[in-house]
Amino acid sequence: PVMTNNFGKTCYQTVTSMKPYMGRLYAGTYTFTNSKGGIIYSSLDGVTWNQKSNPGITDINNSQIIGIEPYKGSLYINTTNYNTGTQVIKGNVQ
C-alpha cells in the first residue's frame, strides 16, 4: 500500500474517487458522519498527500466526493449531500 493511515484523519472511511490531472493524482474521500464533509487530497508521487479542500468543499454536509472530472482546465467535483442534495462544484485546485 502507498497510503494506509486515512490521510491522518480518523473519520474518513474510504477513498471514493481518484483522478489524474495535470501531473497530480487527486483523491476524494467519504465520511459516514455529518460532522465533517468529504475532502479532496492530491499527490505528485502517490505516496505523499496534501489536503486540497476544506471538509465538504462548499458545504460541510457534502459527506462524499463521488466524482472528480477534468473539463476545460478545471476539475469538476460531484458530491453526495443527504441534506440539500447532490452538488457539482467547479474547483480550481492545484
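For the structure itself, look to the data block above.
A.B. asks: Talk me through the environment of valine 88; I want residue IDs and the actual numbers.
C.D. replies: Mapped onto the fold, valine 88 is located in strand β7 (residues 87–91). On a C-alpha basis, the gap between valine 88 and tyrosine 76 in space is 6.5 Å, while along the polypeptide they are twelve residues apart. Not counting chain neighbours up to four residues away, the residues in contact with valine 88 comprise Tyr76, Ile77 and Asn78.

A.B. asks: Describe in detail the environment of tryptophan 49, supporting the description with residues and values.
C.D. replies: Take tryptophan 49: it is sitting in the loop between β3 (40–43) and β4 (50–51). Note on tryptophan 49: relative accessible area 16%, which makes it buried. C-alpha separation for the pair tryptophan 49 and leucine 25, spaced 24 residues apart in sequence, amounts to 9.1 Å. Here tryptophan 49 is in contact with Met3, Phe7, Met18, Leu25, Tyr26, Ala27, Tyr41, Ser42 and Ser43, once residues within four sequence places are set aside.

Rules of the game
- Residues numbered from 1 in each chain as written.
- Predicted model: local features only at pLDDT ≥ 70, side-chain atom pairs only at ≥ 80, totals over all residues.
- Heavy atoms only, no water.
- Helix = DSSP H or I, 4+ residues; strand = E, 2+ residues; numbered from the N terminus.
- Contact = heavy atoms within 4.5 Å.
- Buried < 20%, exposed > 50% of the residue type's maximum accessible area, 1.4 Å probe, protein only.

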